[in-house]
Amino acid sequence: MAKRIGKYKITKRESAISAVDGATISGNLSGIGTLGVSGAITAASTLAVTGQSTLTAGLAFGTQTVAAAGSDQAGGGAITAGGGAVVFVTGADNTKGVTLAAVSGLTVGQSIKIINFSSNTLKVYPANNDRIYPAVDNVGITVAGYGFLELIVYDATGWVGPV
């Protein structure tokens, strides 16, 4: 049975979308109750999913490697916002550190996992005038050797995590 979309009469067959041989969609794809996919979905921008998502094959995050540097917030190795959500840090020596990207350029709920790939402790600093709760603005926290720290953007002023 045909249905109307605006002034056009569309058959059931015409209303079905098939991308068996591949497809490129520009713009928004909305109004779909269930989208079944086998293979990869590549999003050049934001892939927004509302509702529950079930992952049966795992989830892989982008990574970046940053060398620990300096001994304060200004001198720490820079963690970039778009460099990958998993950060492998090398070269920690109980004094060197890394500095997080500013939360002003991030989204509330965005997370990052910092992995200290050294037997020595690592200092993790917020960007200037940000904080890692419960610490105050501009104060770094220490991550144990071969430990990791997962942080989530809490609000426009800082990060929160199991500190």
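Higher on the page you've got the structure.
Residues numbered from 1 in each chain as written. Predicted model: local features only at pLDDT ≥ 70, side-chain atom pairs only at ≥ 80, totals over all residues. Heavy atoms only, no water.

**Q** Can you tell me about the overall build of the protein chain, naming the residues and giving the values?
**A** A count of helical and extended segments in the protein chain gives 1 helix and 12 strands. Ordered by position from the N terminus, the helices and strands of the protein chain form the series β-β-α-β-β-β-β-β-β-β-β-β-β. If you take every contact in the protein chain between residues at least 6 apart in sequence, the share linking residues at least 24 apart comes to 59%. Here the protein chain has roughly 11200 Å² of accessible surface; of this, 54% comes from carbon and sulfur atoms. (Helix = DSSP H or I, 4+ residues; strand = E, 2+ residues; numbered from the N terminus. Contact = heavy atoms within 4.5 Å. Areas by Shrake-Rupley, 256 points an atom, 1.4 Å probe, with all protein chains shown as cover.)

**Q** Kindly report on the sheet that holds strand 6 (residues 97-99), identifying the contributing residues and their values.
**A** Taken together, 4 strands build an open sheet; the order of strands is 4-6-8-10 and the sheet is mixed. What marks the edges here is a single partner per strand, and that holds for strand 4 (77-78) and strand 10 (141-143). The pairing of strand 8 (residues 122-125) with strand 10 spans 3 bridges and is antiparallel. Its bridge partner lying in strand 10, Lys123 is registered against Thr142. (Pairing = 2+ DSSP bridges.)

**Q** An account of the pairing of strand 7 (residues 111-116) is needed here, citing residue identities and associated values.
**A** Of the two faces of strand 7, the one lined by Ile112, Ile114 and Asn116 is fully buried and the one lined by Ser111, Lys113 and Ile115 carries no buried residue. Summarising the sheet, strand 5 (residues 86-90) and strand 7 pair through 4 bridges and their orientation is parallel. Note on strand 7: the bridge partner recorded for Val87 is Ile114. (Buried < 20%, exposed > 50% of the residue type's maximum accessible area, 1.4 Å probe, protein only.)

**Q** Quick rundown of the packing of aromatic side chains? Include the residues and the values.
**A** The final tally for this structure, using the stated rule, is 2 aromatic pairs. With a centroid separation of 6.1 Å and an interplanar angle of 85°, the aromatic rings of Phe117 and Tyr146 are classed as edge-to-face. Placement of the pair is Phe117 in the loop between strand 7 and strand 8 and Tyr146 in the loop between strand 10 and strand 11 (148-155), with a sequence separation of 29 residues. As far as the burial class goes, Phe117 and Tyr146 line up, both exposed. For the ring pair Tyr133 and Tyr154, a centre distance of 5.5 Å and an interplane angle of 70° mean the geometry is edge-to-face. (Phe/Tyr/Trp six-rings, centres within 6.5 Å; stacked < 30°, edge-to-face > 60°.)

**Q** Go over a nonpolar patch on the surface, please, and point to the residues and values.
**A** Among the surface-exposed residues, Ile25, Leu29, Leu35, Val37, Ile41, Leu47 and Val49 lie close enough to one another that they form a single nonpolar patch of about 680 Å² accessible area. Assignment of secondary structure puts Leu35 in the loop between helix 1 (12-15) and strand 3 (63-67). (Patch = residues over 30% accessible without salt bridge, like charges linked within 9 Å, V, L, I, M, F, W, Y side chains within 5 Å. Salt bridge = Lys/Arg side-chain N within 4 Å of Asp/Glu carboxyl O.)

**Q** A description of the sheet that holds strand 9 (residues 131-133) should follow, citing residues and the corresponding values.
**A** Strand pairing in a sheet relies on backbone hydrogen bonds, with the paired strands running either antiparallel or parallel. Taken in spatial order, the 6 strands make up an open sheet running 3-5-7-11-12-9, and their pairing is mixed. With one partner strand each, in any of the chains shown, strand 3 and strand 9 form the two edges of the open sheet. Between one strand and the next, the sheet's axes are offset by a mean angle of 30°, whatever the strand orientation. (Axes fitted to C-alpha atoms, helices over the stretch in contact; angles between N-to-C directions.)

**Q** Account for the environment of Ile132, with residues named and values stated.
**A** Among the secondary structure elements, Ile132 is positioned in strand 9. Judged by its relative accessible area of 0%, Ile132 falls in the buried class. C-alpha of Ile132 to C-alpha of Tyr154: the two residues are 22 residues apart in sequence and 9.3 Å apart in space.

Remember, this is a structural readout, not a statement about activity or role.
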